[in-house]
Amino acid sequence: MDYLKTVVPSQLLAERGSNLVVINPGSANVRIGLAQQEAPLNIPHCIARRTTGANQAPKRNVQDQMLNSQVTTAQHMEREKAYDVIASLLKIPFLDEEVANNSFPRKMGRVDGYSNSSQNNRRDMAFTWTDVLEKKPESSTNLESSPNEGNGGEPAEQEQGEGASSKGPSTSECKYREYICGDEALRISPTEPYCLRRPIRRGHFNISQHYPMQQVLEDIQTIWDWILIEQLHITHSERLMFSAILVVPETFDNREIKEMLSILLRDLHFSSAVVHQEGLAAVFGNGLSTACVVNVGSQVTSVICVEDGVALPTTQVTLRFGGEDISRCLLWTQRHHQTWPPIRTDALTKPMDLLMLNRLKETYCQIKDGEVEAVAVVHSYEDGMPAGSHKTRLTALNVPPMGLFYPMLLVPDVYPPPPRSWFNDYEDMLEDTWNVEFPRRADMVDGLYSGFTSGFPMWDSYPSFQSKPKKEDNIGLAEAITKSILSTGRIDLKRKLFCSIQLIGGVALTSGLISAVEERVLHAIPSNEAIDTVEVLQSRTNPIFVSWKGGAILGILDFSRDAWIHREDWIRNGIHIGSGRKYKDSYFLQAQAVCYMNT
């Protein structure tokens, strides 16, 4: 402790963070970097593998694109009803009212080239197709660029130039890359022989009849290994000198956490690893000890309360929507108002279109009263062709983010969550269950349990196993926050938490969201509760990286490392009774580092 009182924070980070790799996996992105860094790499959590006619028919651009359902008539009606409720709150015309007033389509035009400020040029710049070919090294000049082969790094993108003409002088000197990771994987033309895979969907492993568990685990290992080698420059031979900190979302099941530990220790060869909970890591990342953490991710939103550095498991609430659903809602809104150009935009099977929609959402969407419009450039990405630019006026840009509070606006037709397909796992990663006996039900037999599905038709024929399901609620964000905080029971803690709401995740950067959360949560509190103040705290760290930063701080300040799992122990035994190394989740981690972080 004397060392902590005298050491300079930057010195502590440099000394203890140089051999710690912090990994925070999510559904859309994985945040990864050395603990001594200010910010991590934020890389799309996906991989595109080369396909051939023999191993895939018919061709799919996205591995699990067959899992989507059609929007029903009832869902259409609920969505339009939700729009009108939001329009009334924002003081803008109702849906049918606007369509009646706009009997003629809005003026739009294709833009082949125009000049603007550097900021607008960067914001409106079209994405370019990835060069999927790699050069065979034949000379010393080629050998210098060989470290970038088979990956999604920037040099390959720069070599691409204009269109497909840059694919090399002849086919004899080029070959397809076996796999492409990260941002480049999202920008592959649909005509190329590749299939995009996302190993995590809606906060869980993306296992389905089209994507077996073994492939999911292999893809996670390949993506992380590529980042470690190509981005962090940590080779396999050096890996045993490093330890890993895994910051997991609250949505993950025990089995999923164990499989990721096996990837880190057995496959990626880290010497040791520890697991921390994302919500609690976010509290430490902002230098707090008590807060209600609201994590609005790309595909899942989760809420959990933390008191004095201890996460309260009974307060966890999970919602099945996130930032990507807002982006799809933006497309639906513009098409309904006839402001979207007549182009084939498909966020499901064309990842480039989802990239464009995400950028439009981040640039123009905000929450404020009155009509919100903006002139923007929309791009069309046809198979392998250069992007076409279309200048148009987007309208009702304040409606899509309000879907967080009225989730019926965000129709869950894209990648519905699968049934939990894990075996019974009573060895809980989150609680100490060693002395608890679990009786076996006489009516349950070994094998597959049919009929345990999630209510979506695409899962009816999928075999699933009985498991302890995670709690997921079909309510809005304000109701979820209120439900989480009120479940704590004590009036003093409830008052403190309502004044200590912490928004994290990329959606937290949406303009006007903080005041909207404060207003909607205040209205959601029952009248019999003696609470009249709601406050969202300003984040000291980028909301996208705050959980990663908290994991780095927890790892650096963990001097005893009692909960760390060593590679040899895990490979030989895993977690078992009597090992003395059973993982204790951060529910039981005390806030001893808070004093240091606030100095």
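Note that the structure is predicted; figures quoted are calculated from it, not measured. (Residues numbered from 1 in each chain as written. Predicted model: local features only at pLDDT ≥ 70, side-chain atom pairs only at ≥ 80, totals over all residues. Heavy atoms only, no water.)

### Section: the sheet that holds strand β1 (residues 20-25)
Within the open sheet, the six strands sit side by side as β3-β2-β1-β12-β13-β20. Their pairing is mixed. Edge strands, defined here as strands with exactly one partner in the open sheet, are β3 (41-44) and β20 (565-566). Sheet topology places strand β12 (residues 243-248) next to strand β13 (residues 272-277); six bridges connect them, and they run parallel. If you follow S243 over to β13, its bridge partner there is S272. Docked against the sheet, helix α11 (residues 278-285) engages β1, β2 (29-34), β12 and β13, running at close to 85° with respect to β13. Against the sheet, helix α17 (residues 546-556) engages β1, β2, β12 and β13, with an angle of about 145° to β1. (Pairing = 2+ DSSP bridges. Helix = DSSP H or I, 4+ residues; strand = E, 2+ residues; numbered from the N terminus. Contact = heavy atoms within 4.5 Å. Axes fitted to C-alpha atoms, helices over the stretch in contact; angles between N-to-C directions.)

### Some points on the state of the cysteines
Two cysteines, two sulfur atoms, one covalent bond between them: this is a disulfide. A full pass over the atoms with the stated rule returns zero disulfides. With no disulfide of its own, C329 lies 8.5 Å from the sulfur of C365, the closest cysteine sulfur. (Disulfide = S-S within 2.5 Å.)

### Notes on the pairing of strand β17 (residues 374-380)
Sheet faces and side chains relate simply in a regular strand, where the side chains alternate between the two faces. Of all seven residues in β17, six are buried, a share of seventy percent or more. In the sheet, β17 pairs with strand β18 (residues 388-394) via seven bridges, with the strands oriented antiparallel. Residue pairing in the sheet places H379 in a bridge with S389 of β18. (Buried < 20%, exposed > 50% of the residue type's maximum accessible area, 1.4 Å probe, protein only.)

### Side note on helix α13 (residues 351-364)
An ideal rise of 1.5 Å per residue puts 20 Å on 14 residues; α13 measures up with 20 Å between its terminal C-alpha atoms. Of all 14 residues in α13, twelve are buried, a share of seventy percent or more. Listing the buried residues of α13 in full gives P351, M352, D353, L354, L355, M356, L357, N358, R359, L360, K361 and Y364. (Expected span 1.5 Å × (residues − 1).)

### So, the pattern of salt bridges
Scanning all chains against the criterion turns up 19 salt bridges. Across the pair R344 and E382 runs a salt bridge, and its minimum N-O distance is 3.3 Å. Note that R344 is positioned in the loop between α12 (323-336) and α13 and E382 in the loop between β17 and β18, a separation of 38 residues in sequence. A relative accessible area of 44% places R344 in the partly exposed class. By relative accessible area, which is 29% here, E382 ends up partly exposed. The network of salt bridges with common partners includes R49, R197 and D219. (Salt bridge = Lys/Arg side-chain N within 4 Å of Asp/Glu carboxyl O.)

### Thoughts on unusual backbone geometry
Of note, K91 is a non-glycine position whose phi angle comes to about 60°, a positive value. Positionally, K91 belongs in the loop between α3 (73-90) and α4 (95-101). K91 gets classed as exposed once you look at its relative accessible area, which sits at 62%. Look at R202: it is not a glycine, yet its phi comes out positive at around 50°. Mapped onto the elements, R202 comes out in the loop between β10 (200-201) and β11 (204-205). With relative accessibility at 7%, the residue R202 sits in the buried group.

### Some points on the sheet that holds strand β15 (residues 301-307)
Taken in spatial order, the four strands line up as β16-β15-β14-β19 in an open sheet, and their pairing is mixed. The strands lining the two open edges of the sheet, one partner per strand, are β16 (310-319) and β19 (501-504). Put simply, the sheet's adjacent strands are angled 20° from each other on average, direction ignored. Pairing of strand β14 (residues 291-296) with β15, which is carried by six bridges, proceeds in the antiparallel orientation. In the sheet register, A291 faces β15, and the bridge partner there is V306.

### Some remarks on the pairing of β3
Bridge count between β2 and β3: four bridges; the pairing is antiparallel. Following the sheet pairing, N29 is matched in β3 by P44. Counting the residues between successive antiparallel strands, the hairpin from β2 to β3 contains six residues.

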